[in-house]
Amino acid sequence: MPYYQRFVASFPTVKDLASAPEADVLRLWQGLGYYSRARNLHATSKMVVDDYGGVFPTSYEEILKLKGVGPYTAAAIASICFDEPKPVVDGNVFRFASRYFLIEEDIAKNKTRKTFEKVLADQISVEQPGNFNQAMMDFGSTICSPSPKCDQCIFNLECISRQKGIHLTLPVKSKKLKIRDRNFHYLVLHSKDRFLLKERKEKDIWYGLYDFLLLEGDYADENVLQHIREHVTEDFVFEEKSARTKHILSHQRIYAVFYRIEVSDDSLENIRRKTDASVYSKQEILNLPKPKLIVNYLSQIGIKS
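Reference entry: report on the structure contained in this document. Residue numbers here run from 1 along each chain, matching the order of that chain's written sequence. The predicted nature of this model means local features are confined to residues of pLDDT at least 70 and side-chain atom pairs, given and counted, to a pLDDT of 80 or more, with totals for whole chains, interfaces and linings taken over all residues. Side-chain numbers here rest on the full set of heavy atoms in the structure, without hydrogens or water.

A separate point is the layout of surface pockets. For the largest pocket, the calculated volume is near 590 Å³. Using only the protein atoms, space was sampled on a 1 Å grid; points where a 1.4 Å probe fits but cannot get out form cavities, open sets with protein on both sides within 12 Å along at least five of seven lines form pockets, and lining residues are those with an atom within 4 Å of a point. As for the largest pocket, its lining consists of 19 residues, of which Arg37, Asn40, Leu41, Val69 and Thr73 are closest to the centre. For the lining of the largest pocket, the secondary structure elements donating two or more residues are helix H1 (2-10), helix H2 (14-19), helix H4 (35-52) and helix H6 (71-82). Only runs of H or I of at least four residues qualify as helices and only runs of E of at least two qualify as strands under DSSP, and these elements are numbered from the N terminus. Element by element, the count of residues in the lining of the largest pocket is highest for H4, at six residues. We call Asp, Glu, Lys and Arg charged. Ala, Val, Leu, Ile, Met, Phe, Trp, Tyr, Cys and Pro are nonpolar, and the rest, Gly among them, are polar. In terms of residue class, the lining of the largest pocket is built from 12 nonpolar, five polar and two charged. Grid points are joined across faces, edges and corners, and a volume is the space filled by probe spheres set on the points. There is about 420 Å³ of room inside the second largest pocket. In terms of lining residues, the second largest pocket is bounded by 20 residues, among which Gly33, Tyr34, Tyr35, Trp206 and Leu249 are the most central. In terms of residue count, the dominant contributor to the lining of the second largest pocket is H4 (three residues).

So this is what it looks like as structure tokens:
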């Protein structure tokens, strides 16, 4: 709730959000994760202002055109906000509908969504589509859960999969998320209270956020220091190494170690020029959008937002 309150206080209208710098949007989002959602929200606000005259579209097909909005979100908005009878299909609905109607198609396949949407389109309330969709989602999350409460279910006598005794095998889902492990060795280069940070670029996590110079891979401490001498600067004082931190994302596990390294003003400037990084004071760092991993480390060394 505090995130929401800060966000709407900073951007009270869609025009305010559309005209804001992306860095300001990411800074307010900092700590929530899934930063692509913040960028999509920002891009969508511009579409609403530029393409729809500042008025949010009211139909499923138009809402679906907005950046970052897929079939689930578009159906939820269209039905709940604008009474369009468009069924919502999320994980909870997949589970409930697959058991009740005995749908054994693999929900990991994109084409399966069409099957569920077709079945539910025949069931959805035309008068109260929003209530229908919310009820489907809530029922799947509370009663027809992964460990279903069949004794409390008002549909237990008509649920086809339960009649056949196979309800616990549904929904069918073949694809499993692969978790990638990554080792980050952060070089916290500073001269007194001035630190070197770099904006992360596209095609990786945390795009548009700021962190320290990074050495990724399996490196022993002596290899990290050797890398600094050979590729960064020979003029440095190694101050301390942090404990190894585990940071979990939806599809990655990050293992991070921070090496705090002091250099001279001249060395910091030389490193800045050849690394495309920038030098920031402690106060300036607070105003940068940063991953939670970086925020936590900064807090440990006394730089707190």
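Let us look at the side chain of Ser79. Here Ser79 is to be found in helix H6. N or O atoms within 3.5 Å of each other form a polar contact, as long as, within protein, one can give a hydrogen and the other can take it, and as long as residues adjacent in sequence are counted only when both atoms are side-chain atoms. A polar atom in the side chain of Ser79 sits 2.9 Å from the side chain of Asn133. Residue contacts are counted whenever heavy atoms from the two residues lie within 4.5 Å of one another. Excluding residues that lie within four positions of it along the chain, Ser79 makes contacts with Glu84, Lys86, Val88, Pro129, Gly130 and Asn133.

Turning our eyes to something else, we now look at the packing of helix H7 (residues 91-101) against helix H9 (residues 129-142). Orientation of H7 relative to H9, taken along the N-to-C sense of each, is 80°, at an axis distance of 8 Å. The angle between H7 and H9 places the two elements in the roughly perpendicular class. For the pair formed by H7 and H9, the contact residues are Asn92, Val93, Arg95 and Phe96 on the first element and Met136, Met137, Phe139, Gly140 and Ser141 on the second. Axis lines are fitted through C-alpha atoms, for helices just across the contact stretch, and the angle between N-to-C directions can take any value from 0 to 180 degrees. Relative orientations are named as follows: roughly parallel for angles under 35 degrees, roughly antiparallel for angles over 145 degrees, roughly perpendicular for angles from 65 to 115 degrees, and oblique for any other angle.

Summed over all chains, the structure comprises one cavity of 30 Å³ or more. Roughly 120 Å³ of internal volume is contained in the largest cavity. Lining the largest cavity are 13 residues, with Cys144, Cys150, Cys153, Cys159 and Arg162 sitting closest to its centre. No other element matches the three residues that H7 contributes to the lining of the largest cavity. Of the residues contributing to the lining of the largest cavity, the split by class is nine nonpolar, two polar and two charged.

Geometric values such as these leave the question of function open.
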